[in-house]
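Architecture and fold: a report
Read off the chains here:
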Amino acid sequence: MGKSYNQKGNFAKALSCLNKSLLILENQQDSSRLIPIYNQIAYSLNHAQRFEEAFIYTAKAQFLLKKHENATEKIRLLVNLGCYNQSQQHYTKAKSFYTDALNLNKSINDTLIQIHILHHLGNLNLHQDHLIAAGRCFRNALALTKERKEDVSYQISNLTIDIGNYYSTVNNMDSALYYYTKTLEISESNNHTDITSKSYKALSNLYLNNKDTIKAFKYLQIHSNIENKLFHSTISQQISELYVQFNSKTKDQQIKLQHAEIKSERLTKILLITFLLFISIITVIVFINYYRLKLLNNTLKKQNQKIIKQNKSIKENAIRLEQANTELIESRARLSKQKVKLQIANKKYIKANTSKDKFFDIIAHDLKSPFQSIMGFSSLLRETYDEIEDDKKRKYIKLIDSSTKHVNSLIDNLLNWSRSQNERINLVRTKFELDKLINQKINLFELTSAKKKINIVSTISKGTTVYGDMNMISLALRNIISNAIKFSYAGGKVEILSTTDKRKTTIYIRDYGIGMPPETINNLFNIDNSKRCIGTCGKNGTGLGLIISKEYIEKNDGSIKVISTVGEGSTFCITLPSKENISSLN
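Reading guide: rules and limits
- Residues numbered from 1 in each chain as written.
- Predicted model: local features only at pLDDT ≥ 70, side-chain atom pairs only at ≥ 80, totals over all residues.
- Heavy atoms only, no water.
- Helix = DSSP H or I, 4+ residues; strand = E, 2+ residues; numbered from the N terminus.
- Contact = heavy atoms within 4.5 Å.
- Pairing = 2+ DSSP bridges.
- Axes fitted to C-alpha atoms, helices over the stretch in contact; angles between N-to-C directions.
- Phe/Tyr/Trp six-rings, centres within 6.5 Å; stacked < 30°, edge-to-face > 60°.
- Buried < 20%, exposed > 50% of the residue type's maximum accessible area, 1.4 Å probe, protein only.
- Patch = residues over 30% accessible without salt bridge, like charges linked within 9 Å, V, L, I, M, F, W, Y side chains within 5 Å.
- Areas by Shrake-Rupley, 256 points an atom, 1.4 Å probe, with all protein chains shown as cover.
- Salt bridge = Lys/Arg side-chain N within 4 Å of Asp/Glu carboxyl O.
- Core = buried A, V, L, I, M, F, W, Y, C linked by side-chain atoms within 4.5 Å.

**Observations regarding the side chain of Asn-483**
- Looking at the element boundaries, Asn-483 is found in helix 16 (residues 470–486).
- When residues no more than four places from it in sequence are discounted, the contact partners of Asn-483 are Leu-546 and Phe-572.

Take a look at the structure:
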């Protein structure tokens, strides 16, 4: 109905019908049926020049068209958007919307919509003074009206009056008069009063432009009379509608009041009966609850007595658990300590075992070579003694003697290291004179140093004392002095000196031999990483003597460090306590 009223130009009734339809459809789930309603409402409001309201419904239709595809309604949406933009004087946008609508209409070929779009484009071009384009649009629209069989008299009369306006603009008074007259014929025969009123107004303006004031006034007076009738008719119609609505609402309210009185009486009776039932139910519930509470109270007393006994038992158990927990914590602490001790012992065992394996590998390798020499030269002397010259005999005997001494030194180191590792050495600490001990060691190496023409010089002051196990310190000093001689160049010098304070005595054994790089110094006292070094006379050194020396010095609360430069020599710094009751100097 709303669409039909729009086609006939009765926009007030169209809006009324469409709003009623909208109230019904908005409560339904099918939102696709709302799209044509929104578009028709926007169409009516645009014709009533209520453009802002029209745009609201246009936007609603645009939102729903994103969910529901509908070509016809999309075209109507584009036309409504064109109308809105034209009203806002956004002519470029308006023309774009009309053109899009015209192109999309080709897919459905709806001539009525095409007439409508061409009509709008004609008016838009006329506003922009694009008179040729405007004339072409109006003529095309008028040609299409002849193809429509159904009643489109309102659209034709609305179109012909705008064509008359176009001819009036281009000063073609005859054509303008023709189309205004044609508009009057169509509108009066079809009772389109608003178009008739516009036609008389247009004729009045046309004659006024031609300076025919009599006819201009005549048509203006007719226009004014029609407008007055339209106004009174509209007012009367609105008053009638309001009266009908008032009577309808009054009757509805009276009926509602009667229904409310009947409901009130029924409700009063229901409430009275409900109240009596409620009182009865409450009385029964109170009695039942009283009886239940009495039984429950007796049960609770019995349970309370049981709980008191259980609580007492729980407290006793808690005390026992607390004691057990304390014992468990202590036991865990003891186990943790034992675990730490075992881990430390295990690490020591692994380290000792690794050191032992390494040590025996070194000893086995170093024992093999001298024993082969002893066995080889002994066998050679035994089998060819009479045939060998005396000089060679003496040479072989000398080599056997040297190998024997080397084996003896290795066995001494093996025994000392074994005793040290098994902690079978009993430290006998005494205060003794250092200078005497050093002189003994110098005398011990007199023959060895003489062979290499090495001068051993001691500047230790007489009466300098240290506190410790003299035998262990003696062995350590012997190994270090031997090491200094071994790695000194022939004709060189070994210096032994010391410094003393209240707490300690530091012994410096300095040679001017081949020296050592930093990586050798870092692993010098580590049996796992010790490397064989070749002395200045080509003799190999295992490094075991230095390792044993370090252990013996540290067992006597001393320390040892090395300062060395390759090609310049090495200095061994041994620090020992000067007197009794001095803590470790490491």
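**With respect to the sheet that holds strand 5 (residues 504–511)**
- As summarised here, the arrangement of the five strands in space is 2-4-5-9-8, forming an open sheet in which the pairing is mixed. The open sheet terminates on both sides in strands that have one partner only, identified here as strand 2 (455–458) and strand 8 (559–565). Adjacent strand axes in the sheet meet at a mean angle of 15° when their direction is disregarded.
- Alignment of strand 2 against strand 4 (residues 493–500), held across four bridges, turns out to be parallel. Within strand 4, the residue paired with Val-457 across the bridge is Glu-495.
- Running at roughly 175° to strand 2, helix 14 (residues 434–444) makes contact with strand 2, strand 4 and strand 5 of the sheet.
- Along the sheet, helix 18 (residues 544–555) makes contact with strand 8 and strand 9 (569–577), crossing strand 9 at roughly 25°.

**Observations regarding the packing of aromatic side chains**
- Within the structure shown, the criterion is met by eight aromatic pairs.
- Relative to Tyr-179, the ring of Tyr-178 lies with its centre 5.0 Å away and its plane at 80°, an arrangement referred to as edge-to-face.
- Among the residues examined, Tyr-178 registers a relative accessible area of 47% and is labelled partly exposed.
- Pairwise contacts between aromatic rings join Phe-138, Tyr-166, Tyr-167, Tyr-178 and Tyr-179 into one cluster.

**Some words on a nonpolar patch on the surface**
- On the surface, a cluster of nonpolar side chains totalling about 1,000 Å² of accessible area is made up of Leu-272, Ile-273, Phe-275, Leu-276, Leu-277, Phe-278, Ile-279, Ile-281, Ile-282, Ile-285 and Val-286.
- Within the fold, Ile-273 resides in helix 12 (residues 213–384).

**Observations concerning the nonpolar core**
- Among the nonpolar cores identified, the biggest contains 31 residues, and Leu-477, Ile-480, Ile-496, Ile-507, Ile-509, Phe-572 and Ile-574 are the most heavily contacted of them.
- When contributions to this core are tallied by element, the ones reaching two or more residues are helix 14, helix 16, strand 4, strand 5, helix 18, strand 8 and strand 9.
- A total of seven residues in this core trace back to one element, the largest contributor, which is helix 16.
- Contact partners of Ile-496, with chain neighbours within four places excluded, come to Ile-438, Ile-442, Ile-456, Val-457, Ser-458, Thr-459, Ile-460, Ile-481, Ile-507, Tyr-508 and Ile-509.
- Counting residues in hydrophobic clusters, the runner-up holds 26 residues, among them Leu-126, Leu-142, Tyr-167 and Ile-226.

**Quick word on the pattern of salt bridges**
- The tally for this structure, following the rule as stated, stands at 11 salt bridges.
- With a shortest N-O distance of 2.4 Å, Asp-391 and Arg-394 are connected by a salt bridge. Residue Asp-391 and its partner Arg-394 are both found in helix 13 (residues 390–421); the two are separated by three residues, about one turn of the helix. Judged on exposure class, the residue Asp-391 and its partner Arg-394 are both exposed.
- A salt bridge links Glu-554 to Lys-550; its shortest N-O distance comes to 2.6 Å. You can see Glu-554 and its partner Lys-550 sitting in helix 18, four residues apart, about one turn around the helix.
- What you see here is one network of salt bridges that share partners, running through Lys-493, Glu-495 and Arg-510.

**Focus on the pairing of strand 8**
- Examined bridge by bridge, strand 8 and strand 9 share seven bridges and lie antiparallel to one another. Residue pairing for strand 9: Ile-560 is matched across the bridge by Ile-574.
- What sits between strand 8 and strand 9 in their antiparallel hairpin is a turn of three residues, with Gly-567 showing a positive phi close to 85°.

Honestly, it's all geometry; don't read function into it.
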